[in-house]
Amino acid sequence: MSRDMSRDTSLTPLKVTVINEPALRDAPEPVLDSSSYDPSVPIAIDFGSYELRAGFTNGISPALTFPNRYSKYRDRRVNKYYACIGYDVWLDQTTRGQARSPYDGSMVVNWDMTEDILQYTFHHLGVQPDNGISNPILMNEKLACIQSQRTNWYQTLFESFGAPKVSMGVEGLLAFYGHNDWNSTGIVVDSGYEDTTVIPVIEGKGMLSDAKRINWGGHQSIDYLSNLLYLKYPYFPTKLSFYQYEQMYKDYCYVSNDYFEEINGYLRLDNLEKNNVVLEAPFTEVQAPQKSEEELRIQAEKRKESGKRLQEQARLKRKERLVQKREEFEYFSKVKEQLEGEPKKKVLSILQNAGFDDERDFKKYLYNVQRSIKKAEAMELADAVDEVDEDENMEGKFELVDIPDEELNEEQLREKKVQKLMKANYDARQRAKEEKERLIKEAEEKKVKEEEWRKNDFKGWLKDKRDKLNDLLKKRKDKLKLKEDMKDRKSQVSQNRMKNLASLAEDGARGTKRTRQQATIDNDPNDTFGANDDDWMVYNDITQNPEALDEAIEDEYKEIVDLEGILLEHDPNFTEEDTLDAQYDWRNSVFHLFLRGPRPHDSENVHEQHQLHLNVERIRVPEVMFEPIMGGQDQAGITELCETMIVNKFDSTPRELSAQGKAMANNVWLTGGNSKVPGLRERVVKEFTQFLPAGSQMSINISENPSIDVWNGMQKLANNKEDFEQTLITREEYEECGPDYLKEHKLSNWSYFE
């Protein structure tokens with residue numbers, strides 16, 4: 001699923017691909033027809049750490065291929081567990097999350113799970129195990145497989161399934177044998193799911209003492225990609241599954257032909273246009289219902305009416321509380337007058353009966369009531385002023401202001417207070433209106449003068465604008481540098497600030513002549529700061545308030561934008577590229593290109609919030625096969641290992657290769673599921689060309705489907721009766737020699753122990 005989106009019509013829309021969970025595939029159906037079953041045909045089982053491939057060796061391809069995964073599902077209705085194997089683990093979200101592999105790294109660790117998977121395999125192949133399996137079994141094993149692994153395999157196959165014969169071979173050598181004869185010489189590079197092995201082969205025998213293993217495969221590559229993207233997008237709103245990262249690795253990663261040259265220019269706009277991949281995590285977009293203009297208008301009117309109703313209710317409650325407070329104040333004021341001149345004991349008794357602790361508590365309560373009344377009256381005056389219409393002619397509405405208080409009653413005095421406040425607000429609005437008109441008039445006059453100056457002396461006018469712009473840019477640059485230096489305690493700005501503080505502290509302790517002569521408003525002769533305007537310059541220099549600095553930077557930015565607008569209109573030599581915003585264009589930000597690709601980013605767009613941009617990760621992840629140190633592995637890469645085997649061993653030198661070295665260089669096979677990464681063969685060809693002596697012949701080979709090379713090698717071995725018999729361990733040999741017995745042949749791990 002893909003979608004095109006872009007906000008800028010001048011740019012080509014980017015293709016956005018939604019990364020869904022892997023599509024469900026039907027599990028293979030078991031073979032129910034037993035008429036075609038032949039117990040003498042060997043069964044080849046490639047028990048890989050990623051997929052299991054099995055089939056009868058009289059076929060040309062594996063009859064059964066499924067993920068080597070196992071999960072358990074509990075049916076709560078019958079309280080019973082069911083085993084899910086292969087593609088069945090994807091049928092449910094619970095089983096998918098609990099899916100496990102019998103492998104831990106390159107070793108099988110869960111043998112109960114392994115036995116269930118083999119039982120599932122034989123059942124789907126249509127094997128009829130009446131008294132055990134009658135077919136010979138071919139199995140793969142890892143390079144330098146430890147004895148306990150082989151012992152468990154023998155016990156499982158011979159004792160659990162009753163196999164008559166078993167053949168075990170190193171998977172890399174089996175893959176090499178599938179494309180060569182029994183006595184061929186060459187090198188096999190087997191990059192699988194859990195590791196990568198490089199094995200030299202001489203006359204069909206693996207030189208396992210010179211073979212090397214790199215602890216890096218497809219599994220580690222997927223983990224590496226997920227870690228890189230997690231570091232790149234730490235606040236990504238969706239948690240992606242391992243299967244989604246796996247799909248990214250398979251579909252979009254490739255091996256670079258020249259990694260260091262390509263990585264240096266990968267984040268250029270022209271490269272990103274071709275190589276940047278935009279992936280979007282699936283999410284559910286919640287869209288609010290669209291309302292018509294009439295509905296919105298009605299809703300706004302309802303909110304307005306509701307607000308007015310709440311304001312009126314609050315005003316009425318305030319009036320009620322004010323009346324109550326006034327009554328309380330009048331009552332207790334009379335009580336206070338009556339208690340004057342009375343004995344203290346009688347006063348205390350009366351107050352305690354009224355609920356007060358003592359006379360002090362009574363006075364405190366009376367003071368608080370009086371203060372509450374004043375506060376409520378102030379709010380009442382404010383409400384009265386708010387009810388006045390500002391556009392209404394207020395002349396003649398302040399008739400009580402000029403009348404003396406002696407001629408007014410109590411109600412008129414209250415009204416006079418309201419009129420005074422209303423008149424003060426009215427006068428302030430009039431002054432503000434006059435000031436606004438004056439500023440508009442001055443701005444118009446200044447604009448006319450600027451226009452006349454531009455027409456009469458364009459060069460002088462242009463020079464003045466350019467100088468002002470340069471001066472503003474310089475001031476902005478200085479302020480930005482100051483803002484950056486303020487974050488560093490060791491910067492010169494911070495050190496100067498501390499020196500100024502120390503100097504002021506010393507002057508304050510010593511006292512100066514100016515300190516003794518001047519005093520501030522609070523008549524403190526020792527505090528004269530602010531008496532001079534220069535003090536505030538010192539204050540700004542010392543405190544360096546970040547908020548004030550940000551405000552100054554923002555004001556200068558507005559002035560710069562206004563000046564640039566004027567120059568863009570009248571100066572033919574001033575273009576958009578000369579503006580301040582062009583210097584901070586997203587196209588010039590490597591960080592933006594790395595995170596968001598070759599397009600501007602809209603942080604409010606919910607789709608862009610769920611998008612990942614794959615760029616440098618596409619070549620960085622597969623490069624670990626050549627530079628394992630990038631993935632945290634202190635090992636050599638596949639090219640370095642091949643160079644050591646061909647050039648520095650088996651009697652070869654960097655100047656001249658031996659016959660075995662030439663044969664190896666001329667027969668290199670890349671195999672394993674991880675070798676399907678695009679560009680691997682071309683990169684290996686380039687690397688071999690660099691280290692081989694001039695004029696050397698080489699042949700780098702890879703099959704159409706490297707994943708089944710191991711099974712094809714088993715199938716070829718089983719059909720070659722003479723070679724196949726050399727690899728078999730019969731049940732009689734197992735019972736006589738025990739599970740520790742190792743059958744030595746060219747495809748086994750035997751030469752490792754020489």
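Residues numbered from 1 in each chain as written. Predicted model: local features only at pLDDT ≥ 70, side-chain atom pairs only at ≥ 80, totals over all residues. Heavy atoms only, no water.

Peer 1: What's the story with helix H22 (residues 638-647) in this structure? I'm lost.
Peer 2: Side chains three or four residues apart in an α-helix point the same way, a direct result of the helix having 3.6 residues per turn. Extensive coverage of H22 is indicated by the burial of seven of its ten residues. Listed as buried for H22 are Ile638, Thr639, Leu641, Cys642, Met645, Ile646 and Val647. Elements that come into contact with the buried residues of H22 comprise strand S12 (186-191), strand S13 (196-202), strand S15 (212-214), helix H23 (659-665) and helix H24 (680-691). (Buried < 20%, exposed > 50% of the residue type's maximum accessible area, 1.4 Å probe, protein only. Helix = DSSP H or I, 4+ residues; strand = E, 2+ residues; numbered from the N terminus. Contact = heavy atoms within 4.5 Å.)

Peer 1: It is not clear to me how the packing of H22 against H24 should be interpreted in this structure. Could you clarify?
Peer 2: Packed helices, taken two at a time, are described by the angle between their axes plus the distance between the axes. Two elements in contact, H22 and H24, have axes separated by 10 Å at closest approach and are oriented at 45°. As summarised for this structure, H22 and H24 are arranged oblique, according to the angle between their axes. Remark: the crossing between H22 and H24 carries right-handed chirality. Across the interface between the two elements, Ile638, Thr639, Cys642, Glu643, Ile646 and Val647 from H22 touch Leu680, Glu687, Phe688 and Phe691 from H24. Of the residues assigned to the contact of H22 with H24, the class counts are seven nonpolar, one polar and two charged. (Axes fitted to C-alpha atoms, helices over the stretch in contact; angles between N-to-C directions. Parallel < 35°, antiparallel > 145°, perpendicular 65-115°, else oblique. Left-handed = near helix turned anticlockwise from the far one by under 90°. Nonpolar A, V, L, I, M, F, W, Y, C, P; charged D, E, K, R; others polar.)

Peer 1: Before we go on, may I ask you to explain a nonpolar patch on the surface in this structure?
Peer 2: A cluster of nonpolar side chains, Tyr73, Val78 and Tyr82, forms an exposed patch at the surface whose accessible area comes to about 280 Å². Residue placement: Val78 occurs in the loop between strand S6 (70-75) and strand S7 (80-85). (Patch = residues over 30% accessible without salt bridge, like charges linked within 9 Å, V, L, I, M, F, W, Y side chains within 5 Å. Areas by Shrake-Rupley, 256 points an atom, 1.4 Å probe, with all protein chains shown as cover. Salt bridge = Lys/Arg side-chain N within 4 Å of Asp/Glu carboxyl O.)

Peer 1: I would appreciate a short explanation of the packing of helix H2 (residues 111-125) against helix H3 (residues 147-160) in the present structure.
Peer 2: Look at H2 against H3: their axes get within 11 Å of each other, and the N-to-C directions meet at 45°. Considering the angle they form, H2 stands oblique to H3. The way H2 lies across H3 gives a crossing that is right-handed. Residue-level inspection shows Trp111, Thr114, Glu115 and Leu118 of H2 in contact with H3, the latter providing Gln149, Asn152, Trp153, Thr156, Leu157 and Ser160. A per-class count over the contact of H2 with H3 returns four nonpolar, five polar and one charged.

Peer 1: How do you make sense of the sheet that holds strand S4 (residues 51-56) when you look at a structure like this?
Peer 2: Paired through backbone hydrogen bonds, the strands of a sheet run either parallel or antiparallel to each other. On the basis of which strands lie adjacent, the open sheet formed by six strands has the order S5-S4-S3-S10-S11-S20 and mixed pairing. Since the sheet does not close on itself, it has two edges, and those belong to strand S5 (64-67) and strand S20 (728-730), each with one partner. Adjacent strand axes in the sheet meet at a mean angle of 20°, parallel and antiparallel pairs treated alike. Relative to S20, strand S11 (residues 165-170) runs antiparallel, the two sharing three bridges. Bridging from a neighbouring strand, Val166 pairs with Ile729 of S20. Across the sheet, H3 touches strand S3 (43-47), strand S10 (137-141), S11 and S20, and the angle it forms with S11 is around 150°. (Pairing = 2+ DSSP bridges.)

Peer 1: Any chance you could explain the confidence of the model for the chain here in plain terms?
Peer 2: Close inspection of predicted coordinates is inappropriate for parts of the model with low pLDDT. This prediction gives the chain a mean pLDDT of 83; 86% of its residues lie at or above 70. With pLDDT under 50 throughout, residues 512-524 is counted as low confidence; its partners more than four residues away or in other chains account for 18 contacts. (pLDDT = per-residue confidence, 0-100.)

Peer 1: So what exactly am I meant to see when it comes to a negative patch on the surface here?
Peer 2: There is a patch of like negative charges on the surface, built from Glu551, Glu554, Asp555, Glu559 and Asp562. Judged by its relative accessible area of 39%, Glu554 is partly exposed. (Lys, Arg positive; Asp, Glu negative; His and termini not counted. Charge placed at Lys NZ, Arg CZ, Asp CG, Glu CD.)

Peer 1: Honestly, the pairing of S3 in this entry has me stumped. Any pointers?
Peer 2: As a general feature of sheets, a regular strand has side chains that alternate between the two faces. The buried count for S3 comes to five of five residues, which makes it a mostly enclosed element. Where burial is concerned, the two faces of S3 agree: the one with Ile43, Ile45 and Phe47 and the one with Ala44 and Asp46 are both buried. Bridge count between S3 and S4: five bridges; the pairing is antiparallel. When the sheet's bridge partners are listed, Ile45 is paired in S4 with Ala54. Connecting S3 to the antiparallel partner S4 that follows it, the hairpin turn spans three residues. One ladder, built from three bridges, connects S3 with S10; its direction is parallel. Among the inter-strand pairings, Ala44 is bridged to a residue of S10, identified as Leu138.

Peer 1: Mind showing me how you'd approach the packing of aromatic side chains here?
Peer 2: Aromatic rings in a pair are described by how distant their centres are and how their planes are angled relative to each other. Scanning the entire structure with this criterion turns up 23 aromatic pairs. Residues Phe66 and Tyr120 carry aromatic rings whose centres are separated by 5.2 Å and whose planes lie at 80° to one another, so their mutual orientation is edge-to-face. Here the residue Phe66 occupies a position in strand S5, and Tyr120 occupies one in helix H2, the gap between them amounting to 54 residues. In this pair, the class of Phe66 matches that of Tyr120, namely buried. Here the aromatic residues Tyr331, Phe332, Phe356, Phe362 and Tyr365 are joined through ring pairs into a cluster of three or more. (Phe/Tyr/Trp six-rings, centres within 6.5 Å; stacked < 30°, edge-to-face > 60°.)

Peer 1: Where do I start with the pattern of salt bridges in this structure?
Peer 2: Any two side chains of opposite charge can pair if their charged atoms end up close together. In this structure the tally under the stated criterion is 29 salt bridges. Here Asp270 and Arg268 are joined by a salt bridge, their closest N and O atoms 3.4 Å apart. A salt bridge links Asp471 to Lys475; its shortest N-O distance comes to 3.5 Å. Here Asp471 and its partner Lys475 are both found in helix H13 (residues 458-485), four residues apart, which amounts to about one turn of the helix. Looking at Asp471, the relative accessible area reads 37%, which means it is partly exposed. Residue classification places Lys475 among the partly exposed positions, given a relative accessible area of 38%. Via salt bridges that share partners, Asp46, Glu51 and Arg53 belong to a single interconnected network.

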